[in-house]
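Residue strings, one per chain:
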Amino acid sequence: MFARGGLSWSCTRLVRREPRCPASLVHRDFRGAFSTESSSKASRGAVWSRRVGYLASAGAFLYVLDRQFNASAAQRNIRTLYTGALIAADYKISFKPGRGDDIMALHERVADRLFNLLVDNGGLYIKIGQALAANTALLPAAFQTRFSKLFDDAPQVPFSEIFPVFLAEFGRPPVGDNGLFEEFDENAVASASIAQVHRAKLKKRSDDEPDQWVAVKVQKPAVSKQVDWDLGAYRIVMWIYEQIFDMPVYFLVDFVSSHLRLELDFINEAENANRTAALIASEPQLSGKVYVPKVFPEYTTKKIMTSEYIEGVKLSDRQSITRLLNGSSPHSSSNGSGIDGAPRINWDGAESPSHSSRPINGGARAIMEILVSLFSVQIFQWGFVHCDPHPGNIIIRRRVPSNKPQLVLIDHGLYVTMPEDLRRDYAMLWKGLLSGDMADIRRIAEEWGIAKGSLDLLASGVLLKPWRSKDQRRDVGISKDIDPYEKSVKMKEKLRQFLSDTEKFPKALVFLGRNMRMVQGNNQALGSPVNRVKIIGHWASRSLAKAPYLSLSQRVVEGWRHITYVIVIFATDVAFWFSKVRRWARGGSGGSYEDELEQEMRRISKEHFGVELGENAFLG
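The sections below set out a description of the structure shown in this document. (Residues numbered from 1 in each chain as written. Predicted model: local features only at pLDDT ≥ 70, side-chain atom pairs only at ≥ 80, totals over all residues. Heavy atoms only, no water.)

### What about unusual backbone geometry?
In this structure, N178 takes a positive phi of about 65° despite not being glycine. Mapped onto the elements of the fold, N178 is located in the loop between helix 6 (159-170) and strand 3 (183-184). A positive phi angle is found at D411, which is not glycine, with a value near 60°. (Helix = DSSP H or I, 4+ residues; strand = E, 2+ residues; numbered from the N terminus.)

Laid out in structure tokens, this is it:
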């Protein structure tokens with residue numbers, strides 16, 4: 001009991017009590033809260049549904065927009081970036097010591113992804129892939145196998161899509177009222193990654209004019225929209241390639257990109273064709289033996305090129321080449337040019353069936369002598385080089401009445417021009433490698449930014465035959481028993497040493513190497529009928545002896561050196577004919593001379609560089 005101010009009160013235990021709510025009210029509040037929460041969830045679900053719907057609609061709109069007006073260029077780049085990120089992550093995770101089998105599987109996965117990316121995207125990606133393929137001999141075998149199958153062919157686009165190209169370029173349709181041509185085959189006779197070819201007949205100016213059939217090359221409409229995106233993607237791929245393999249290759253991007261752009265300019269291609277035709281006519285050893293189809297400038301623009309239509313046998317058509325060499329009447333449903341299903345009297349360029357029944361004079365040897373000489377002259381004498389001499393771009397036909405072969409060179413989009421100093425040094429390198437002039441070899445290698453310890457790699461890559469200097473024969477190379485990871489690391493070290501200074505390295509060598517590999521592949525496919533190395537070496541030495549800038553005294557000295565050189569390289573002929581005799585003694589079994597060189601190259605590459613060359617490493 002407490003008392004204060006006259007008041008008294010008692011304090012027992014004070015407890016704070018909350019007011020009680022009726023059960024019905026509690027139940028009603030619970031239902032309200034649950035209803036509010038459900039309503040909130042439904043509201044959020046509706047919001048997200050709308051957002052997903054908006055995104056899907058925007059995505060579909062952008063997809064249609066990109067497909068209709070941008071030739072799917074953005075989608076192709078997204079595919080490229082995704083593949084690049086996937087490859088980078090895979091190598092980061094899987095490329096580690098002690099995982100030999102996993103590393104082999106890793107190479108297989110990456111090669112498949114890159115190959116599928118190039119094929120799925122198509123267009124200029126095929127050309128980019130071919131530029132990459134020029135260097136697959138330096139990569140694991142999985143890359144060589146995949147990229148050897150990267151052919152420059154593609155489905156043709158329908159006539160309705162190329163029709164607007166004629167309207168845009170000429171303001172006239174290809175055929176019909178006010179048409180360019182009297183006849184125009186709407187079905188393409190050939191289709192590649194950036195263009196397709198149609199057969200057409202020119203309108204006659206007078207009734208007594210003979211029919212003039214032409215080949216009309218039309219650039220596919222999507223290509224011009226995709227080129228900037230594709231070359232940007234090429235930069236990304238090459239950057240990834242350099243980062244993953246830790247090898248200097250990105251320095252080539254600008255050079256390769258500029259030449260790929262030139263391939264899209266058919267006026268440039270026409271000029272290349274005309275220039276090559278004039279150079280061939282000026283060389284007595286090639287005039288009449290090599291032919292470049294005539295270009296019709298009035299029917300040629302940047303996206304359409306019209307040239308003379310040629311009957312003959314493509315070097316890639318092995319069945320028809322065999323008939324040409326053996327002498328037989330046409331019996332196949334397709335002719336050498338692959339134009340249609342009807343056999344032609346002049347399927348091989350002959351003027352009558354009686355000519356086609358005879359074997360062509362000189363056989364495979366005559367064909368390959370012309371082919372190897374042609375590209376040797378382009379490199380060492382003219383410095384103006386056709387860099388895509390695959391078998392599909394070379395047509396063989398008969399010269400009447402001599403019955404000798406004539407080569408027809410087509411597709412003049414990709415050329416490189418060699419500066420005078422590069423042309424001279426490349427010739428001196430060939431001559432030095434075959435005659436053992438180490439002073440010239442070392443000087444040129446140093447000027448090209450190639451390390452002294454990489455002379456054998458340079459020489460073997462140039463000659464496409466095994467070459468070892470005395471100083472480097474003591475190099476034990478890379479052990480066969482080491483882990484695949486260690487082997488890859490050692491291989492990269494050797495290849496990085498090879499390109500010690502990329503600023504000095506002549507970028508044109510990339511395309512020259514591609515040219516030489518294709519020439520070797522063509523010779524190999526026909527059974528190595530000629531000594532390729534001797535012919536190329538002869539033209540290299542001859543070009544130095546007959547260089548126009550030489551004074552009279554210099555010309556005499558170089559002439560004598562050329563004679564001496566010809567005697568020295570007689571040894572290569574001994575090896576060539578020894579291979580022929582050995583094969584004859586075996587009853588025709590065993591590989592040809594080029595086959596033996598390739599096998600030896602594969603052995604040396606594996607033992608000394610850790611590089612496993614595939615079966616098609618030298619086919620370009």
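### Here's the deal with the sheet that holds strand 9 (residues 313-314)
If you trace the 4 strands from one edge of the open sheet to the other, you get 7-12-11-9, paired in mixed fashion. Every interior strand has two partners, whereas the edge strands, strand 7 (290-291) and strand 9, have only one. In this structure, strand 9 lies alongside strand 11 (residues 394-399), joined through 2 bridges in antiparallel fashion. From the neighbouring strand, V313 faces strand 11, where its bridge partner is I396. Set on the sheet, helix 12 (residues 363-382) makes contact with strand 7, strand 11 and strand 12 (404-409); between it and strand 12 the angle comes to about 40°. (Pairing = 2+ DSSP bridges. Contact = heavy atoms within 4.5 Å. Axes fitted to C-alpha atoms, helices over the stretch in contact; angles between N-to-C directions.)

### Focus: the packing of helix 12 against helix 18 (residues 532-545)
Interhelical geometry of helix 12 versus helix 18 gives an angle of 35° and a closest axis separation of 9 Å. Between helix 12 and helix 18 lies a crossing of right-handed hand. Contacts from E369, V372, S373, S376, V377, F380 and Q381 of helix 12 reach helix 18 at R532, I535, I536, W539, A540, R542 and S543. Of the residues belonging to the contact of helix 12 with helix 18, the class tally is 7 nonpolar, 4 polar and 3 charged. (Left-handed = near helix turned anticlockwise from the far one by under 90°. Nonpolar A, V, L, I, M, F, W, Y, C, P; charged D, E, K, R; others polar.)

### Concerning the environment of V556
Along the chain, V556 falls in helix 19 (residues 552-568). Between the C-alpha atom of V556 and that of A545, which follows or precedes it by 11 residues, the distance is 8.1 Å.

### A look at the environment of A451
In this structure, A451 sits in the loop between helix 14 (438-447) and helix 15 (455-463). Counting along the chain gives 50 residues from A451 to D501, while the straight-line C-alpha distance between them is 8.4 Å. With sequence-adjacent residues up to four places away left out, A451 is seen in contact with Q497, F498 and S500.

### A look at the pattern of salt bridges
By the definition in use, this model includes 21 salt bridges. Notably, a salt bridge pairs K201 with D211, separated by 3.9 Å at the nearest N-O pair. Of this pair, K201 sits in strand 5 (residues 195-201) while D211 sits in the loop between strand 5 and strand 6 (213-219), and the two are 10 residues apart along the sequence. The class for D211 is partly exposed, based on a relative accessible area of 43%. R205 is paired through a salt bridge with E298; the nearest N and O atoms lie 3.8 Å apart. Taken together, the residues span a long stretch of sequence, with R205 in the loop between strand 5 and strand 6 and E298 in the loop between strand 7 and strand 8 (304-308) at a distance of 93 residues. Overall, R205 belongs to the exposed group, its relative accessible area being 67%. Residue E298 is classed as partly exposed on the basis of its relative accessible area, which comes to 43%. By sharing partners, the salt bridges in this structure join E182, E183, K201, K204 and D211 into a single network. (Salt bridge = Lys/Arg side-chain N within 4 Å of Asp/Glu carboxyl O. Buried < 20%, exposed > 50% of the residue type's maximum accessible area, 1.4 Å probe, protein only.)

### Considerations on the pairing of strand 12
In terms of burial, strand 12 is largely enclosed, as 5 of its 6 residues are buried. When strand 7 meets strand 12, the two strands line up parallel, connected through 2 bridges. Considered in strand 12, the bridge of Y291 is made with V408. In this sheet, strand 12 lies alongside strand 11 in antiparallel orientation, the contact comprising 6 bridges. Each bridged residue has a counterpart across the sheet, and for R398 the counterpart in strand 12 is P405.

### Topic: helix 14
Residues of helix 14 that are buried: M438, D440, I441, I444 and A445. Seen from one end, helix 14 has its buried residues packed into an arc of 160°, which puts them on one side. Those residues of helix 14 that are exposed and angled more than 90 degrees off the buried face are A439 and E446. Of the residues flanking the end of helix 14, it is G449, one or two places downstream, whose phi is positive at about 75°. (Arc of directions from axis to C-beta.)

### Quick notes on a nonpolar patch on the surface
A cluster of nonpolar side chains, contributed by W560, I563 and I567, occupies part of the molecular surface with about 380 Å² of accessible area. In this structure, W560 sits in helix 19. Its relative accessible area of 58% is what places W560 among the exposed residues. (Patch = residues over 30% accessible without salt bridge, like charges linked within 9 Å, V, L, I, M, F, W, Y side chains within 5 Å. Areas by Shrake-Rupley, 256 points an atom, 1.4 Å probe, with all protein chains shown as cover.)

### Focus on the pairing of strand 5
Extensive coverage of strand 5 is indicated by the burial of 6 of its 7 residues. The pairing of strand 4 (residues 190-191) with strand 5 spans 2 bridges and is classified as antiparallel. Paired with A190 across the bridge in strand 5 is V197. Between strand 4 and strand 5, which pair antiparallel in sequence order, lie 3 residues. Pairing between strand 5 and strand 6: 7 bridges, direction antiparallel. By the bridge assignment, K201 is partnered in strand 6 with W213.

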